[in-house]
Amino acid sequence: MGRHDVRRREALVWEMPQTGSMRVPAMLFGTEAALAAMEDGVFAQLRNVASLPGIAGQALAMPDAHTGYGFPIGCVAAFDARAGGVVSAGGVGFDIGCGVRTLVSDLDREDVEPVRESLADRLYDAVPAGLGAGGRLRLSDRDMDRMLAGGAAWAVREGFGQTGDLPRCEEGGTMPGADPAGVSAKARERQRDELGTLGSGNHYLEVQHVEKIFDSRTASAYGLRPGQVVVSIHCGSRGLGHQVATEHMAAMLAAAPGHGLTVADPELAFAPIESPAGVRYLGAMRAAINCALAGRQIITHLVREVFAALFPGCRLALLYDVSHNTCKVERHAVGKSVKTLHVHRKGATRALGPGHPDLPETFREVGQPVIVGGSMGTSSYVLSGTEASEALSFASACHGAGRAMSRKQAAKRFSAKGVVAALAGQGITIRTHTLRGVAEEAPGAYKDIEEVAQTTHALGLAAKTARLRPLACIKG
DNA sequence: ATGTTC
């Protein structure tokens, strides 16, 4: 029961046929070498996902997939409520609403290079980061409810950002259907002073420059040009999302026998979409997504303050904000019919193609910006959504390089000081709250982003638009 | 990912 029955369907497409308890086949994407390097756990977890009630089409692993909690990270799976479909907290992940946003400036690399160290210091001081780090905001219970219902739109109303930012966020900056009352007192307490903080692990705030443009028409629609300075923010819902995930995984596990469901792997806890446990999770999950959106919006404001101090009058406009840990209700073609599905994207990015009605007018002709964050010190990519991804992956693409080894292995293998020095030699400034974190996030602990992006592009999951190179990176 | 093992 593993990878031995994986069949090559096309150059970059691999299928695990429907066998045993699987209700649908599973598909994986990558080169032969990438599949050979993929952890055994991905195949086993994908088989579990493909066995869940009500799954539609196929279970999918993106080119950056690696083993996760229940579902692989880099997994897309869609469920049909009318066919007994389920929702799984492990199918969204602990960091609910985690995502990336990229801001585009009117500065050139040459403007930033002379003050790179000072800019890194100021950003490090302005944006709280690290495990358990608190920020300057303290939310009352009433404000907490408003934040959980309003997301980035709430943050803009509170003075953090510009109304023009909102159309540039997935869902317009507010995830609908949130149930703030479903977020426990404990989850709220963990978040009380964490709003607008970066967190730790692979989260980062990076000043980058546009190193290469692959498609000038799309890049132009996105406002990207060679040499331009951009800022990317990668973070999620902090302690609140973690608490929501923890509580609901336990609740789903407890409720499973009542639905006549067996859960093979406790990490794979799930509940029928329309069951009380499913409904409660979805409401709380959407509130956590709003927490993540509000957080990225507040950090955007802090970054703009730093840039305004160093570069008076400079522009820092939001290109796009997109999550890669979500479950969303979307319409997709399955076989000959179009169905309403709960699409889980765990370590996978929504990638709507040209013409999709959910896209703002600006992106209607070229498709959605798909922001793919590299690991610390390596390139990131701006891709664009394609029409092909609808048939391939429920309009989804990769989310990053994907880990090639565990944090523990990486901490053993790499020296933090060595990593910082090596990156300095490449003209990349690192500011960090934890040296161990730097070793865990060493570029060598990740897959090659170039190969992941190329596979994604060649398959048509999303198209290469621009490559971003880091200048300065703030780590938690 | 995470008040880094409720």
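Because the structure is predicted, anything quoted here is derived from the model rather than measured.

Draft legend 1. Expanded view of the layout of surface pockets. Here the second largest pocket is characterised by a volume of approximately 290 Å³. What lines the second largest pocket is a set of 19 residues, among which Glu 171, Lys 328, Val 329, Arg 350 and Asp 358 lie closest to the centre. Take the lining of the second largest pocket: its biggest share by element is five residues, from strand β12 (residues 325–334). Tallied by class, residues from the lining of the second largest pocket come to eight nonpolar, three polar and eight charged.

Draft legend 2. Local environment of the protein's contact with DNA strand B. In the vicinity of DNA strand B lie 16 residues, with Leu 131, Arg 190, Gly 201, Asn 202 and Arg 407 positioned nearest. Backbone atoms, meaning sugar and phosphate, make up 54% of the atoms of DNA strand B lying within 4 Å of the protein. Within the side chain of Glu 194, a nitrogen or oxygen atom sits 2.9 Å from a phosphate oxygen of DNA strand B. Within the side chain of His 242, one N or O atom sits 3.4 Å away from a base oxygen of DNA strand B. Those elements giving two or more residues to the surface near DNA strand B turn out to be α6 (185–191) and α8 (238–255). In terms of residues, the surface near DNA strand B owes the most to one element, α8, which gives three residues. Across the surface near DNA strand B, the residue classes tally to two nonpolar, seven polar and seven charged.

Draft legend 3. Region of the structure containing the pairing of strand β2 (residues 13–16). By the alternation rule, side chains of β2 split into Val 13 and Glu 15 and Trp 14 and Met 16, which are all buried. Here strand β1 (residues 7–10) runs beside β2; their pairing, made up of three bridges, is antiparallel. Residue pairing for β2: Arg 8 is matched across the bridge by Trp 14. Once β1 ends, the chain turns through two residues before running back antiparallel as β2.

Draft legend 4. Geometry of helix α14 (residues 449–459). Taken as a whole, α14 has its buried residues at Ile 449, Val 452, Ala 453, Thr 455, Thr 456 and Leu 459. Burial along α14 is one-sided: seen end-on, the buried residues are contained in an arc of 160 degrees. One side-chain oxygen of the residue at the start of α14 lies 2.9 Å from the amide nitrogen of Glu 450, identifying that residue as Asp 448. Looking one or two residues beyond α14, the residue adopting positive phi is Gly 460, at roughly 90 degrees.

Draft legend 5. Inspection of the pattern of salt bridges at higher detail. As enumerated under the stated definition, the model contains 28 salt bridges in all. For Glu 365, the salt bridge identified is with Arg 217, shortest N-O distance 3.5 Å. Of this pair, Glu 365 sits in the loop between β14 (349–350) and β15 (369–372) while Arg 217 sits in helix α7 (residues 216–222), and the two are 148 residues apart along the sequence.

Draft legend 6. Structural view of empty space enclosed by the protein. Summed over all chains, the structure comprises two cavities of 30 Å³ or more. One number sums up the size of the largest cavity: a volume of about 50 Å³. Forming the boundary of the largest cavity are Glu 170, Glu 171, Met 175, Ile 289, Leu 293, Arg 296, Asp 321, Ser 323, Thr 326 and Lys 328. Those elements that provide at least two residues to the lining of the largest cavity are α9 (276–310), β11 (316–323) and β12. Per element, the largest residue contribution to the lining of the largest cavity is three residues, and it comes from α9. By residue class, the composition of the lining of the largest cavity is three nonpolar, two polar and five charged. Taken as a whole, the second largest cavity holds about 30 Å³ of empty space. Lining the second largest cavity, in full, are Gln 191, Glu 194, Leu 195, Gly 196, Thr 197, Cys 235, Gly 236, Arg 238, Cys 291, Gly 295 and Ile 299. Of the residues forming the lining of the second largest cavity, the biggest block, three residues, is contributed by α9. Along the lines of polarity and charge, the residues of the lining of the second largest cavity split into four nonpolar, five polar and two charged.

Each value, and the rule that gives it
Residues numbered from 1 in each chain as written. Chains lettered and ligands numbered in written order. Predicted model: local features only at pLDDT ≥ 70, side-chain atom pairs only at ≥ 80, totals over all residues. Heavy atoms only, no water. 1 Å grid on protein atoms, 1.4 Å probe; cavity = no way out; pocket = protein on both sides within 12 Å on 5 of 7 lines; lining within 4 Å. Points joined across faces, edges and corners; volume = space filled by probe spheres on them. Helix = DSSP H or I, 4+ residues; strand = E, 2+ residues; numbered from the N terminus. Nonpolar A, V, L, I, M, F, W, Y, C, P; charged D, E, K, R; others polar. Near = heavy atom within 4 Å. Polar contact = N/O pair within 3.5 Å; in protein donor to acceptor, adjacent residues only side chain to side chain. Buried < 20%, exposed > 50% of the residue type's maximum accessible area, 1.4 Å probe, protein only. Pairing = 2+ DSSP bridges. Arc of directions from axis to C-beta. Salt bridge = Lys/Arg side-chain N within 4 Å of Asp/Glu carboxyl O.

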